[in-house]
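A structural walkthrough
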Amino acid sequence: MSKPAQRRPDLNTVYTINDDGSRNFLQVADVRGRWQRIKKTGYWLLNLVFVALPLIQVGGHPAVHIDIPRRTAHLFGGTFTNQDFHLVFFLLIGMGLGLFVLTSLAGRVWCGFLCPQTVFMEGVFRPIERFIEGDRFQRAKRKKQGGAGNTGRKLAKHTVFLLLAWAISIWFMAYFIPVRELLGLLPHFPGHTTALLWSLFWTGMLYFDYSWFREQTCLIICPYGRLQATLVDYDTVIIGYDKKRGEPRGKGVESGGDCIDCRRCVDVCPTGIDIRNGLQMECIGCTNCVDACDEIMDKIKKPRGLVRFDSSRGFETGVSHFFRGRFWIYAVAFAALATLFVVRVGSRDSFHVTVMRPRGIPFTMEEGRIRNLYTFHLQNKTDDEKVYLIAPAAEVFADVEGVEYIIPQPRVALAPLSDQQVTLFASMPREGYVSGRDFIFTVTDSATSVVKNVKVRFRGP
Ligand code: SF4
Ligand code: SF4
């Protein structure tokens, strides 16, 4: 009986999923080359940044620290409270637009070089797998042979993966709990349900992802791959195969193209596609096929670049237009939003005052006088202790006789990043009342003399 034909990646099916729905688990081949060197350096740097950010102190706080119980975030020396939450909108939209600019210009460089999924998979877990289980051929051989040696290696690999997943999940928590506190908490994790559950949840997710799910995250879960089709165009620089030069492909065909159909570019692909089929949603722009093909071209003494970075126009005509309309639209929108974000961040208040009134009782009448009650909610948004002075603005209502203010606590001392409510009253004679007028109170930061005018409507019958 003849052997069934080996399945090859095509444009109609996902290669990593078999016809019966089972997983076609890839054994990705090793590759060397200039892009691998660049990527590896980048992965090391990014991992270093991940580890360093909660450790580096900027302005007395970790460089990145999100304090959920206190609804505060410390980012590179800046302190943001819940009152600054609207900035998250600018940040998220800005990041999205930044990704649009990058993708329209250079395809999925984010996925191949910067995405945490790739950085941990290719920069940490895959090298460990290769170290313990060997390269693609050794792995396949050991799998075929089976035995205690193979089981031992698998056990060792999964133990290291689990420990790493746990270490990453713990360090991820260091972005929310200061490192010293977190380390002190570690021995008590079993008794600290929230911390324990979070660490177990993330350990499980990371272990599942990097030990088994792998490229399926990019193919099935991540929405960015699907967006790619709408963001790239004829002039976007992508990783592609030079059909004009490569075809007709084939081994030892003198009159043929440069592609010798060695399938190295397929064997090294972490998502299991054949780049010679054209741009596909599964391509994460990892450059493995570029280096693999360059290696082959070196061996057969042909120029490098059969698989390379170029635009679709470049592959077809040899001419590229990088800076075109689509790029400028995204870039201008991104620049406008980034500017707005920087301006908003720079003009944040150091304290915040909100005025509240008792519900359903806009005013009370007492011996011919109208009385309004206000509650001021003062929030110190700085890392320093502050004293705030509350006073009425003298010139308002100067034309009305008998206006009185009762401010039981004109001096409010607030600890760093704390808040407090204070009550105050304003009253005036019934006969002096004119509807639709506002009182103005001033709240002054005694240290900086920054004054906030707080306008409150005086209500009467
Ligand atoms: S690595 Fe290069 S030569 Fe080999 S199959 Fe791929 S494109 Fe062709
Ligand atoms: S086709 Fe090439 S660049 Fe795209 S994912 Fe596969 S190896 Fe990476």
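For clarity, every value in this text was computed on a predicted model and none was experimentally measured.

Cut-offs used in this document
- Residues numbered from 1 in each chain as written.
- Chains lettered and ligands numbered in written order.
- Predicted model: local features only at pLDDT ≥ 70, side-chain atom pairs only at ≥ 80, totals over all residues.
- Heavy atoms only, no water.
- Near = heavy atom within 4 Å.
- Helix = DSSP H or I, 4+ residues; strand = E, 2+ residues; numbered from the N terminus.
- Nonpolar A, V, L, I, M, F, W, Y, C, P; charged D, E, K, R; others polar.
- Phe/Tyr/Trp six-rings, centres within 6.5 Å; stacked < 30°, edge-to-face > 60°.
- Buried < 20%, exposed > 50% of the residue type's maximum accessible area, 1.4 Å probe, protein only.
- Pairing = 2+ DSSP bridges.
- Axes fitted to C-alpha atoms, helices over the stretch in contact; angles between N-to-C directions.
- Expected span 1.5 Å × (residues − 1).
- Arc of directions from axis to C-beta.
- Contact = heavy atoms within 4.5 Å.
- Domains from an automatic or database assignment.
- Buried area = accessible area lost by both parts, 1.4 Å probe.
- Salt bridge = Lys/Arg side-chain N within 4 Å of Asp/Glu carboxyl O.
- Polar contact = N/O pair within 3.5 Å; in protein donor to acceptor, adjacent residues only side chain to side chain.
- Patch = residues over 30% accessible without salt bridge, like charges linked within 9 Å, V, L, I, M, F, W, Y side chains within 5 Å.
- Areas by Shrake-Rupley, 256 points an atom, 1.4 Å probe, with all protein chains shown as cover.

A word on the site of ligand 1. Not every one of the 13 residues close to ligand 1 is listed here, only the nearest: C259, C262, R263, C265 and C293. At the level of elements, helix 12 (264–267) and helix 13 (288–299) are the ones that each hand at least two residues to the shell around ligand 1. In the shell around ligand 1, the residues fall into 9 nonpolar, no polar and 4 charged.

With that out of the way, let us pick up the packing of aromatic side chains. One pass over the structure, following the stated rule, counts 27 aromatic pairs. Centroid distance F208 to W212: 5.9 Å. Interplanar angle 35 degrees. Geometry classified as tilted. Placement of both F208 and W212 in helix 8 (residues 193–213) is noted, with a separation of 4 residues, approximately one turn of the helix. Overall, the relative accessible area of 42% leaves W212 in the partly exposed class.

Residues in close proximity to ligand 2 total 13 residues, the closest being C269, C283, I284, C286 and C289. Here the residues of the shell around ligand 2 sort into 9 nonpolar, 4 polar and no charged.

This part is about the sheet that holds strand 15 (residues 438–445). Taken together, 4 strands build an open sheet; the order of strands is 13-11-15-16 and the sheet is antiparallel. Two strands bound the open sheet, and with one partner strand each, they are strand 13 (411–414) and strand 16 (451–457). Taking the axes of each pair of neighbouring strands and ignoring which way they run, one obtains an average angle of 25 degrees across the sheet. Pairing analysis gives 4 bridges linking strand 11 (residues 386–392) to strand 13, with the strands arranged antiparallel. Across the sheet, V387 pairs through a bridge with A413, a residue of strand 13.

By secondary structure assignment, the location of G96 is in helix 2 (residues 86–106). Under the relative-accessibility criterion, G96 is labelled partly exposed at 27%. As for G96 and F334, which are separated by 238 residues in sequence, their C-alpha atoms are 8.7 Å apart.

Okay, the environment of F189 next. By secondary structure assignment, the location of F189 is in the loop between helix 7 (179–185) and helix 8. In this structure F189 comes out as buried when scored by relative accessible area, which is 5%. Residues F189 and F137, 52 residues apart in the sequence, show an inter-C-alpha distance of 42 Å.

With omega at -10 degrees, the peptide bond leading from E247 into P248 counts as cis. The phi dihedral of R263 falls on the positive side, at around 65 degrees, and the residue is not glycine. The backbone of K301 sits at a positive phi, close to 60 degrees, despite the residue not being glycine. In this structure, K301 sits in the loop between helix 13 and strand 7 (307–311).

Our next topic: helix 15 (residues 325–346). Taking 1.5 Å as the rise per residue, helix 15 with 22 residues should run 32 Å; its terminal C-alpha atoms sit 31 Å apart, in good agreement. Listed as buried for helix 15 are F327, Y330, A331 and L337. Buried residues of helix 15, seen end-on, are gathered within an arc of 140 degrees and therefore sit on one face of the element. In helix 15, the exposed positions angled more than 90 degrees off the buried face are occupied by I329 and V332. For helix 15, the elements touching its buried residues are helix 2 and helix 10 (224–231).

So, about the sheet that holds strand 4 (residues 72–75). One open sheet holds the 3 strands; their spatial order is 3-4-5, and the pairing between them is antiparallel. Looking at the sheet topology across the chains shown, the edges are occupied by strand 3 (64–67) and strand 5 (78–81). Taking the axes of each pair of neighbouring strands and ignoring which way they run, one obtains an average angle of 10 degrees across the sheet. When strand 4 meets strand 5, the two strands line up antiparallel, connected through 4 bridges. When the sheet's bridge partners are listed, A73 is paired in strand 5 with F80.

As a further point, take helix 6 (residues 147–173). Counted at 1.5 Å a residue, the expected span for helix 6 with its 27 residues is 39 Å, and the 39 Å between its end C-alpha atoms agrees. The complete set of buried residues in helix 6 reads N150, K157, F161, A165, I168, S169, I170, W171 and M173. Those residues of helix 6 hidden inside the fold are in contact with helix 1 (34–52), helix 4 (116–133), helix 5 (136–145), helix 7 and helix 8.

Strand 6 (residues 237–241) sits mainly inside the fold: 5 of its 5 residues count as buried. Side chains V237, I239 and Y241 project from strand 6 onto one buried face, and the interleaved I238 and G240 project onto a second face that is buried too. Inspection of the sheet shows strand 6 paired to strand 7 by 5 bridges, in the antiparallel sense. Across the sheet, the residue bridging to Y241 is V307, located in strand 7.

Turning our eyes to something else, we now look at the domain arrangement of the chain. Looking at the assigned domains, one finds that the chain contains domain 1 (34–84 + 115–230) and domain 2 (351–457). Summarising the inter-unit geometry, the C-alpha centres of domain 1 and domain 2 are found 50 Å apart. Counting residues at the interface gives 10 residues for domain 1 and 6 residues for domain 2. Counting the surface lost from both domain 1 and domain 2, the interface buries some 660 Å², and carbon and sulfur atoms represent 41% of this. Remark: the boundary between domain 1 and domain 2 carries 1 salt bridge. The salt bridge partner of K381 is D84, with a shortest N-O separation of 3.0 Å. There are 7 residue pairs in polar contact (both at pLDDT 80 or more) connecting domain 1 and domain 2. Secondary-structure elements contributing two or more residues to the side of domain 1 that touches domain 2 are strand 4 and strand 5.

Moving on, we get to a nonpolar patch on the surface. Judged by side-chain polarity, F85, V88, L91, L92 and M95 come together as a nonpolar surface patch covering roughly 500 Å² of accessible area. Tracing the sequence through the fold places F85 in the loop between strand 5 and helix 2.

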